[in-house]
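Per-entry structural report
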Amino acid sequence: MMAPSPPRLLLVYPATHKLGWAKRFQLPSQSLERVAALTPDSWDVVLCDEVHESVPFDDGFTLVGITCMTHQAIRAYEIADAFRGKGIPVVLGGIHPTVLPEEAGLHADAIVVGEAEPLWGNLLHDLLNGRLCKVYRAPLPGNGKLSLPPARRDIFKGKKYLTTQTLQASRGCPYDCPFCIVTPYFGNTFRYREPAEILAELRSFDRKLTVFLDDNLLGDPLRAKPILKEMEGLGLRWGGQANLRFAEDPELVKLVAKSGCIGIFVGIESVTGRHANHPKTGNKYSQADLIKRIRDAGIVLEASIIFGFDDHDEGIFEKTVRYLERCKPSLPTFHLLTPYPGTSLFRQFDSEGRLFHKDWKRYNHSEVVFRPRLMSPERLYEGWLQARKEAYTWPAIFSRTFRNPHGIFTNLAYNVLRKGPNDLLPGKAP
Ligand code: B12
């Protein structure tokens, strides 16, 4: 193969639907930024985020790399097929090709299974020497330290994102929830970067808004605390994802607030049954107590709820809405249970013959793709719509906002942003 000089790499983030004004509030792909950061300087690297622009099919690339979550798989395969039709080699990576490399392999010259860090350099070398392999499989990461090469945020230039100051302090999660792919994918490991490495990256930021894209940023309080302490002086405003148990440690809550945290996303998952008593939420304090602690510290809490677990009957929607009225997390979000390939939930539903189809673009948290145990699929869908509407009426928003005394404006702004899409929902299943 005659490679252009310098060789040119196109990295593609596939889009499944048009976003309109909401695209201004998206975050750039950390997955592709990492692949760019691993690419030698001798390559010219271009990012195409399909949310913001069309795919440049005819711009003379040496190699195309496409990232892919499950709901993006069909679009990723279309893009891959089109490039391959023009004779341009394609590599697919990310969570979906990692879990289903054989399926993804039908649309790519090479598949990256797992993390790119240990193998991307070899893959590029193989390509330029005409001996690209079909599958590059990263070893499961150990528990050691996580060290990442410097960021390549230059690839985001010219695109309008909420912020490009995104980073990871850790990878992995100490828990193993049946619907989540993180622990099956990373193994039972939890790795932090060295505080000095993270702080150097944070100090290089020139804007305030910063987003940590960790699976569970506060999963190991002993490792998180020194970083948070140092962040106090940096003047950043940051958000991230953690689990509710971080609030069991009052010192940690205080440090999170003082370090400039404006919002934390936690998975409450279910207000009943096994998930409500999962080690992730603990049993020392009630969820309501933990939520209150976070509220009182002035941190906006986005609490994610999932409907459709096997112990959910038709009463779950009412129970959940009343529960949220009592606990008042700043911002509740609702999702339909989605059995992603690679999870134990997927294997269970598949073996019980309860999956309606494997049309991946519909595995998006907004469609019922399996037969629920204790209600009809229509009831599950309508209950989900109803809960979303009820949680975003003005009285519900005001009562949540004014119970979060140290951040009323931020709380209100977040809620108003969420209200729009919830108001537009249909009342019935299509
Ligand atoms: C941060 C995050 C988000 C952020 C994304 C911010 C961003 N733009 O980067 C936000 C909050 C927006 C988000 C949203 C969603 N997310 Co999310 N998210 C994550 C999380 C926690 C980390 C992802 C991440 O950036 N990791 C850091 C990067 C560096 O790691 P990585 O993606 O694994 O990439 C590495 C390798 O996979 C590989 N790689 C990846 N792509 C490619 C491509 C090539 C060419 C190559 C060579 C290698 C390669 O190399 C990378 C470096 O090692 C993951 C959990 C996880 N650990 O995967 C869930 C996760 C990816 N999300 C998930 C889901 C379902 C969603 C939503 C659909 C949820 C929803 N209800 O709407 C939305 C979809 C948004 C969309 N744009 O379409 C699921 C996906 C499951 C699946 N099978 O598809 C995950 C795995 C969570 C889970 N618990 O199961 N998410």
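Residues numbered from 1 in each chain as written. Predicted model: local features only at pLDDT ≥ 70, side-chain atom pairs only at ≥ 80, totals over all residues. Heavy atoms only, no water.

**Re the nonpolar core**
One recurring pattern in soluble globular proteins is that nonpolar side chains are buried together. Filter applied, for reference: What we call a nonpolar core is a set of buried Ala, Val, Leu, Ile, Met, Phe, Trp, Tyr and Cys residues that are connected through their side-chain atoms within 4.5 Å. Whether a residue is buried, partly exposed or exposed follows from its accessible area with a 1.4 Å probe, protein chains only, as a fraction of its type maximum: under 20%, in between, or over 50%, in that order. Where each domain starts and ends follows an automatic or database-derived domain assignment. Residue contacts are counted whenever heavy atoms from the two residues lie within 4.5 Å of one another.
The biggest cluster of nonpolar side chains holds 92 residues, and the ones touching the most others in it are Leu218 and Ile264. Formed jointly, this core draws a minimum of three residues from each of two domains, domain 1 (8–137) and domain 2 (165–423). For leucine 218, the residues in contact, after removing those within four places along its chain, are Tyr192, Ala224, Leu228, Ala242, Phe246, Leu252, Val256 and Ile264.

**Comments concerning the sheet that holds strand β2 (residues 44–49)**
Within a beta sheet, neighbouring strands are joined by backbone hydrogen bonds and run either parallel or antiparallel to one another. Just so we agree on the cut-off: The criterion for strand pairing is that DSSP finds at least two bridges linking the strands in question. Numbered from the N terminus, helices here are DSSP runs of H or I no shorter than four residues, and strands are runs of E no shorter than two. Inter-axis angles, ranging from 0 to 180 degrees, are taken between N-to-C directions of lines fitted to C-alpha atoms, where helices are fitted over the stretch in contact.
In spatial order, the strands read β2-β1-β3-β4-β5-β6; together these six strands make up an open sheet with parallel pairing. The sheet is open, and its two borders are formed by β2 and β6 (135–137), each paired with just one other strand. For this sheet, the mean angle separating the axes of adjacent strands, direction not counted, is 20 degrees. As paired strands, strand β4 (residues 90–93) and strand β5 (residues 110–113) are joined by two bridges and run parallel to one another. Across the sheet, leucine 92 pairs through a bridge with isoleucine 111, a residue of β5. Against the sheet, helix α1 (residues 30–38) makes contact with β1 (8–13), β2 and β3 (63–67), and its axis sits at roughly 165 degrees relative to β1, the strand it touches most. On the sheet, helix α5 (residues 120–128) packs against β1, β3, β4, β5 and β6 and is oriented at approximately 150 degrees with respect to β3.

**As for the packing of helix α15 (residues 394–402) against helix α16 (residues 408–423)**
To be explicit about the condition: An angle below 35 degrees is treated as roughly parallel, one above 145 as roughly antiparallel, one from 65 to 115 as roughly perpendicular, and anything else as oblique. Crossing handedness follows the turn of the near helix against the far one: under a right angle anticlockwise gives a left-handed crossing, and clockwise gives a right-handed one. The classification used treats Ala, Val, Leu, Ile, Met, Phe, Trp, Tyr, Cys and Pro as nonpolar, Asp, Glu, Lys and Arg as charged, and all other residues, Gly among them, as polar.
Across the interface, α15 lies against α16 with an axial gap of 9 Å and an inter-helix angle of 155 degrees. Comparing the axis directions of α15 and α16 gives the class roughly antiparallel. In this structure, the crossing between α15 and α16 has a hand that is right-handed. Of the residues in α16, those in contact with Trp394, Ile397, Phe398, Arg400, Thr401 and Phe402 of α15 are Ile408, Asn411, Leu412, Asn415, Val416 and Lys419. Looking at the contact of α15 with α16 residue by residue, the classes come out as seven nonpolar, three polar and two charged.

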